[in-house]
Amino acid sequence: MEAVIQTNDLTRHFGDIVAVDALSLEIQRGEIFGLLGHNGAGKTTTVRLMNGVLNPTSGNVRVLGLSPVEQGAELRRRTGVLTETPALYEALSARANLTLFAEIYNLPKADVAQRVESMLAQFNLADRADEKVGGFSKGMKQRLALSRAFLHEPELLFLDEPTSGLDPIAARQVNDSILHASRDERRTVVLATHNLRDAQQMCDRVAVLEHGRLVALGKPAELARELVQARTVLFHVELSQAAQAEATLQDYAESVSTDDAGGALTAQGLVYDRIPDAVHALAIAGIRVYQVSPQEPTLEDVYFTLHQVDTEAS
Ligand SMILES: Nc1ncnc2c1ncn2[C@@H]1O[C@H](COP(=O)(O)OP(=O)(O)OP(=O)(O)O)[C@@H](O)[C@H]1O
Ligand SMILES: [Mg+2]
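Okay, so let's go over this structure. (Residues numbered from 1 in each chain as written. Chains lettered and ligands numbered in written order. Predicted model: local features only at pLDDT ≥ 70, side-chain atom pairs only at ≥ 80, totals over all residues.)

**Quick notes on the site of ligand 1**
Argument step 1. Inspection of the region around ligand 1 gives Phe 14, Ile 17, Ala 19, Gly 37, Asn 39, Gly 40, Ala 41, Gly 42, Lys 43, Thr 44 and Thr 45 as its neighbouring residues.
Argument step 2. If you list the elements that add at least two residues to the shell around ligand 1, you get β2 (17–28) and α1 (43–51).
Argument step 3. The biggest single contributor to the shell around ligand 1 is α1, with 3 residues.
Argument step 4. Residues belonging to the shell around ligand 1 are distributed by class as follows: 4 nonpolar, 6 polar and 1 charged. (Near = placed C-beta within 6 Å. Helix = DSSP H or I, 4+ residues; strand = E, 2+ residues; numbered from the N terminus. Nonpolar A, V, L, I, M, F, W, Y, C, P; charged D, E, K, R; others polar.)

**Quick word on the pairing of strand β13 (residues 289–294)**
Argument step 1. In terms of residue burial, β13 counts as a barely covered element, since only 0 of its 6 residues are buried.
Argument step 2. Relative to β13, strand β10 (residues 230–237) runs antiparallel, the two sharing 5 bridges. When the bridges of β13 are listed, His 236 appears paired with Gln 291. (Buried ≥ 20, exposed ≤ 12 C-beta atoms within 10 Å, placed from the backbone. Pairing = 2+ DSSP bridges.)

**Remarks on the sheet that holds β2**
Argument step 1. Pairing is antiparallel in the open sheet, where 3 strands are placed in the order β2-β1-β4. Taken across any chain shown, the strands that pair with only one partner, and hence form the sheet edges, are β2 and β4 (58–63). Neighbour-to-neighbour, the strand axes of this sheet turn through a mean angle of 15 degrees, independent of strand direction.
Argument step 2. Pairing of strand β1 (residues 3–14) with β4 involves 5 bridges; the strand directions are antiparallel. Within β4, the residue paired with Ile 5 across the bridge is Val 63.
Argument step 3. Along the sheet, α1 contacts β1, β2 and β4; its crossing angle with β2, the most-contacted strand, is approximately 60 degrees. (Axes fitted to C-alpha atoms, helices over the stretch in contact; angles between N-to-C directions. Contact = placed C-beta atoms within 7 Å.)

**Structural notes on the nonpolar core**
Argument step 1. Formed by 66 residues in total, the largest nonpolar core has its most connected members in Val 189, Val 190 and Leu 191.
Argument step 2. Residue contributions to this core peak at 6 residues, all from helix α5 (residues 138–150).
Argument step 3. Those residues in contact with Val 190, other than ones at most four positions away along the chain, are Ile 27, Phe 33, Leu 35, Val 47, Met 50 and Phe 158.
Argument step 4. In terms of nonpolar packing, the next biggest core, distinct from the first, is built from 13 residues, Ala 245, Leu 249, Val 256 and Leu 270 among them. (Core = buried A, V, L, I, M, F, W, Y, C linked by C-beta atoms within 7 Å.)

Bear in mind that shape data such as this cannot, by itself, settle questions of function.
Structure (structure tokens):
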């Protein structure tokens, strides 16, 4: 394991607002690391601190062994960034934009044309490549900004909501590009996102931020099992006993419903540790149980569990 990013009590204030609050993290080479959290939780600020666009108020961050603020130029050559509101040259074509950035990134002259074509193809911009970017749709601009982040084959990518504004097909293509960069090319990806399904499917680990603080960190599935106690559980019982089973399960779950055909019941909000008690109660009541299937909790469940705790506390 090799940490490519280390933050140590990283903190950033904006006046009275603590945007990032004593964040200590290590991000390993090759992983897709998700930054999750509500609007204003501190994801973008964290990314900007890692990029050297912002100075920390206190604490520190090292990226690829470098100080982002002091060694920003070297860092930018080795990292690709998609910001929340990417700036593109609107008066230039997509091809001219990429060619210009290829020069800024110091790509070998002989490689530029081919690399630019390959990015235009990968992000589905080839047929509009010579049009001015000012006339592009939001999603087309987003794809161009993404292709710029990937252009110089950086070892580390910072992607702030990469699929924002993309249609489902484009979003999937972008996710495939991210997965390919990580799995096949061992690039490290820091991914700030609101799309919890994407995060669950793609991220090796995620950090959940709240008011700039780290409130959860780990592999999506492990976090879900650890943090989410209330499950949805499917029961299959003897058809003629469905109503009785429903009444019994009411004592254990937040809600219980029976499907139209009977026999199959869905108990929601049943605490994992009480599943055996519920099964026992069904047996005591003489109900014949054929199947009990707890559903795996998702990152979305984690998110709402954490949010519930937050709103109750505040
Ligand atoms: N340049 C700035 N000046 C003042 N306040 C700022 C600045 N940048 C961020 N903040 C504040 O810091 C907090 C964190 O903002 P940040 O943009 O990091 O959140 P985020 O998690 O990226 O949110 P979103 O999901 O909406 O993109 C917010 O309260 C925001 O208003
Ligand atoms: Mg943001």
